[in-house]
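Fold and geometry: a report
One-letter residues, chain by chain:
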Amino acid sequence: MASVLRCANSLKTSLTRGRLCAPTSAALTSWLRYHSSEAKGKTVRIGCASGFWGDTAVSAPQLVHQGNIDYLVFDYLAEITMSLLVAAQQKAPNMGYAPDFVQAAMAPLLKDIKKKGIRVVSNAGGLNPSACVLALQEAAKKSGIDDLKVAMVTGDNLIQKKDEILQSGVRDLDSGREAPQGLISMNAYLGATPVLEALNQGADIVVTGRLVDSAVVLGPLMHEFGWKPSDYDLLAAGSLAGHIVECGAQATGGVFTDWEQVNGWDNMGFPIVECTSDGQFIVTKPPKTGGLVSTATVAEQIVYEIGDPRKYMLPDVTCDFSQVNLNQVAENQVHVSGAKGTPPSDEFKVSGTFADGFRCTAVCNIGGVKAALKGQKTAESIFKRCSRMFKVLGFEDFSRTHLQMLGTESTYGPHANPVCAEARETVVWMSVEHKQRKALELFSREIAPAGTGMAPGLCGIVGGRPRVSPIFKLFSFLYPKSNVEVKVHMDDNEQLIPTTSSPSGQIVNEEAPSISESDSAVKSGNSSYTLEQLAYARSGDKADTSNIGVVARHPSYVPYIRNALTEDVVRKYLQHILEDNSQVTRYELPGIHGFNFVLTHALGGGGVASLRSDPQGKGLAQMLLSIKLESLPDDLLQ
């Protein structure tokens, strides 16, 4: 306890950087209670080394050697990743998993992981967890490890039940359309229960297929602390811990609004959650690594890729994150508490993929005076030439085309700076869709001739002749948990795992909370501010839906943001990227002084189906931060 008090006394000194706020007395009291030996009890440290398939290879060694962790977890399966795994398995039946997990992460570290007693949980199995397990066991043999216990979770892959599912009349969650006959994959988002059982059986490494991202953290916490499936507040807290770290370095300063305050990108620290049995936890990172863990970086990650924060539905629990509290208790340490939970639905969300035509994207640099106009005319001429050729050959016209002049702020639409349109160099982005591969192969061949037969200054095609690739679109639906057989396999044995459901057996479907009324007591004035002066923001995707989380830089800004940044204002500002049937819904997170805007039909199809340069909406928050909020007090920033 004395060391804790010494640390508390030095806390003010360690927080002298302007980007961090000193904790309130209540926060400090909470932190002292958390760290006191009498109250703290057992703690579990979990480090996340991957936020997506393709994340850096330096993360796992960093966490294993410097993180002092009990568990190492990996999240590989974004929705777009499942589409890529489908394509990989079609080319090679023994693929369909994330080979990086075995080759780059595990193989070099297996001896150290085993020696330190670190246990591993990963959804790297993707569509083919058995192949992933075999590759992992082979790597263990090469490392001279004979007693590595590897468990595999199955049951998420429902493609064998395709006919039965189609006959049940399932409909897409977003569009309401019927299921296409051409579904080639269907994977349920499983929860943490099978991970819990695998760890209970003594697994050193747990490999799963489609698992909800946060479950790789919740499963170990349920195992370590004995949390029951009915401990909903604890399950919500564990899910929040998983949600914060599941995207890797995004919780430790990656893609942070105030990116200039974040140093050490070359040695970016990856997130660690230090959890106690009561559901409280500290978000931190390994010592002497780059990055930043502050209330702002953690708050940004909380609002990342969620919908209604009061009803964040997961397989194990329905979470309420609206009253979560964040407190900066030391440099690069944020204390998190306040998550609440209620029973989950008795259905799994299932993501299916189906092939729907082909796409081809050409990216060209063009320079000189009036570069944007030259690029525009060049691309339109290529489209027109190909359409004429299609007609002669008996092909249909393009299903869709998309054209952007990168470097001219074309993605900003009417909000673009006019000066950018006069740039003397730009990048032409031409993306097209067609039902037939041969038509797009023709398009691919017609890019290079523009370099000699159209505008001057076309300097080259990025990557050479563009490649034609199949389009895999998402079809997401709900499916009864009772119809899904989830199993844990280890040491030639398998065990059927019961799926959880709400006590009533019914879907929890409360009315969405109403948006807070505008605060009529706020002062008006003659000043305008950009949203970036008042808030942080982060955006992400779920299929064709994007969300933009906005977190006030100071609690006093909340009523002004609430009044000025309405659903209608956001809809009008982003109208140029929204479809006619798009909807914008605003939710509030009072605990972190935040708002969440959910925009449907905002990504041109989303994922690999979109023709845009930003198919996942990563830049939408950056775009919204430029919006000006008018008639605010002159002294607001003071």
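Residues numbered from 1 in each chain as written. Predicted model: local features only at pLDDT ≥ 70, side-chain atom pairs only at ≥ 80, totals over all residues. Heavy atoms only, no water.

1. Side note on the sheet that holds strand β23 (residues 545–552)
The following threshold applies: Strands qualify as paired when DSSP identifies two bridges or more between them. Each helix corresponds to a stretch of at least 4 residues labelled H or I by DSSP, and each strand to a stretch of at least 2 residues labelled E; elements are numbered beginning at the N terminus. All axes are obtained by fitting lines to C-alpha atoms, using only the stretch in contact for helices, and the reported angles, taken between N-to-C directions, cover 0 to 180 degrees. We call two residues contacting when some pair of their heavy atoms lies within 4.5 Å.
Strand order in this open sheet of 4 strands is β22-β23-β25-β24, and the pairing throughout is antiparallel. Pairing within the sheet leaves two strands with one partner each, and these edge strands are β22 (535–542) and β24 (584–589). Averaged over all pairs of adjacent strands, the angle between strand axes in this sheet comes to 20 degrees, irrespective of strand direction. Sitting on the sheet, helix α14 (residues 295–302) is in contact with β22, β23 and β24, with an inclination near 30 degrees to β22.

2. Let's talk about helix α5 (residues 59–66)
The condition that has to hold: A 1.4 Å probe rolled over the protein chains alone gives each residue an accessible area, and that area as a share of the maximum for its type sets the label: buried under 20%, exposed over 50%, partly exposed in between.
Of the residues making up α5, those classed as buried are Ser59, Ala60, Gln62, Leu63 and Val64. Contact partners of the buried residues in α5: β1 (43–48), β2 (71–74), α7 (99–106), α8 (110–116) and β7 (272–276). Asn68 sits one or two positions beyond α5 and adopts a positive phi of about 50 degrees.

3. Remarks on the nonpolar core
The test is simple: We call a set of buried residues a nonpolar core when its members are Ala, Val, Leu, Ile, Met, Phe, Trp, Tyr or Cys and they connect through side-chain atoms within 4.5 Å of each other.
Counting 126 residues, the largest nonpolar core has Leu72, Phe74, Phe101, Met106, Ile205, Ile244 and Val336 as its most contacted members. Leaving out residues up to four positions away in the same chain, Ile205 has contacts with Phe101, Met106, Leu110, Val120, Leu136, Leu148, Lys149, Val150 and Ala151. Ranked by size, the runner-up nonpolar core spans 34 residues in total, among them Leu534, Ile561, Tyr573 and Leu574.

4. Regarding the confidence of the model for the protein chain
Selection rule: What pLDDT conveys is the predictor's confidence in a given residue, as a value from 0 to 100.
Per-residue pLDDT for the protein chain has a mean of 91; in total, 90% of the residues score no lower than 70. Taken together, the stretch residues 1–23 has pLDDT below 50 and engages in 33 contacts with residues farther than four places along the chain or on a different chain. Segment residues 504–515 is flagged for pLDDT under 50; beyond a separation of four residues in sequence, or across chains, it makes 18 contacts in the model.

5. Structural notes on the sheet that holds strand β11 (residues 325–330)
Reading across the sheet, the 11 strands line up as β11-β12-β8-β7-β1-β2-β3-β6-β4-β19-β20 and stay open at both edges, with mixed pairing between neighbours. Of all the strands in the sheet, just β11 and β20 (493–497) have a single pairing partner and so form its edges. Direction aside, the axes of adjacent strands within the sheet are offset by 20 degrees on average. Relative to β20, strand β19 (residues 486–490) runs antiparallel, the two being bridged by 5 bridges. Bridge pairing links Lys487 to Leu496 in β20. Most of the contacts of α5 go to β2, to which it runs at about 165 degrees, and overall it touches β1, β2 and β7.

6. Some words on the packing of α7 against helix α9 (residues 129–142)
Note the cut-off: When an angle is under 35 degrees it counts as roughly parallel; over 145 it counts as roughly antiparallel; between 65 and 115 it counts as roughly perpendicular; any other value is oblique. Crossings are sorted by hand: turned counterclockwise from the far helix by less than a right angle, the near helix makes the crossing left-handed, and turned clockwise it makes it right-handed. Residues are sorted three ways: Asp, Glu, Lys and Arg are charged, Ala, Val, Leu, Ile, Met, Phe, Trp, Tyr, Cys and Pro are nonpolar, and all the rest, Gly among them, are polar.
The interhelical angle for the contact between α7 and α9, taken along N-to-C directions, is 20 degrees, at an axis separation of 9 Å. In terms of orientation, α7 lies roughly parallel with respect to α9. For the pair α7 and α9, the sense of crossing is right-handed. Counted together, Phe101, Val102 and Met106 of α7 and Cys132, Ala135, Leu136 and Ala139 of α9 form the full contact between these two elements. Its residues assigned to classes, the contact of α7 with α9 shows 7 nonpolar, no polar and no charged.

7. Let's talk about the packing of aromatic side chains
Basically, it comes down to this: Stacked, tilted and edge-to-face are the three classes applied to pairs of Phe, Tyr and Trp rings, where Trp contributes its six-membered ring and a pair requires centres within 6.5 Å; stacked means planes under 30 degrees apart, edge-to-face means over 60, and tilted covers the rest. Note on geometry: a ring has a charge over it if NZ (lysine) or CZ (arginine) is within 6 Å of the ring centre and within 35 degrees of the ring normal.
This model, assessed by the stated rule, comprises 13 aromatic pairs. With a centroid separation of 5.6 Å and 45 degrees between ring planes, the pair formed by Tyr312 and Phe321 is classed as tilted. For Phe321, a relative accessible area of 0% translates into the label buried. One aromatic cluster in this structure is built from Phe383, Phe390, Phe395, Phe398 and Phe443. Lying over the aromatic face of Phe348, Lys481 brings its terminal NZ or CZ to 5.5 Å of the ring centre.

8. Some details on the pattern of salt bridges
Rules: Here, a salt bridge means any Lys or Arg side-chain nitrogen found within 4 Å of an Asp or Glu carboxyl oxygen.
According to the stated counting rule, one finds 20 salt bridges in the structure shown. One salt bridge in this structure joins Asp491 and Lys149, with 3.3 Å as the shortest N-O distance. Linking Asp491 in the loop between β19 and β20 with Lys149 in the loop between α9 and β4 (150–154), this pair joins segments that are 342 residues apart in sequence. Close ionic contact of Glu433 with Arg400 constitutes a salt bridge, the shortest N to O distance being 2.6 Å. Here Glu433 is found in strand β16 (residues 425–434), whereas its partner Arg400 is found in strand β15 (residues 400–406), with 33 residues between them in sequence. Look at Glu433 and you get buried, because its relative accessible area is 7%.

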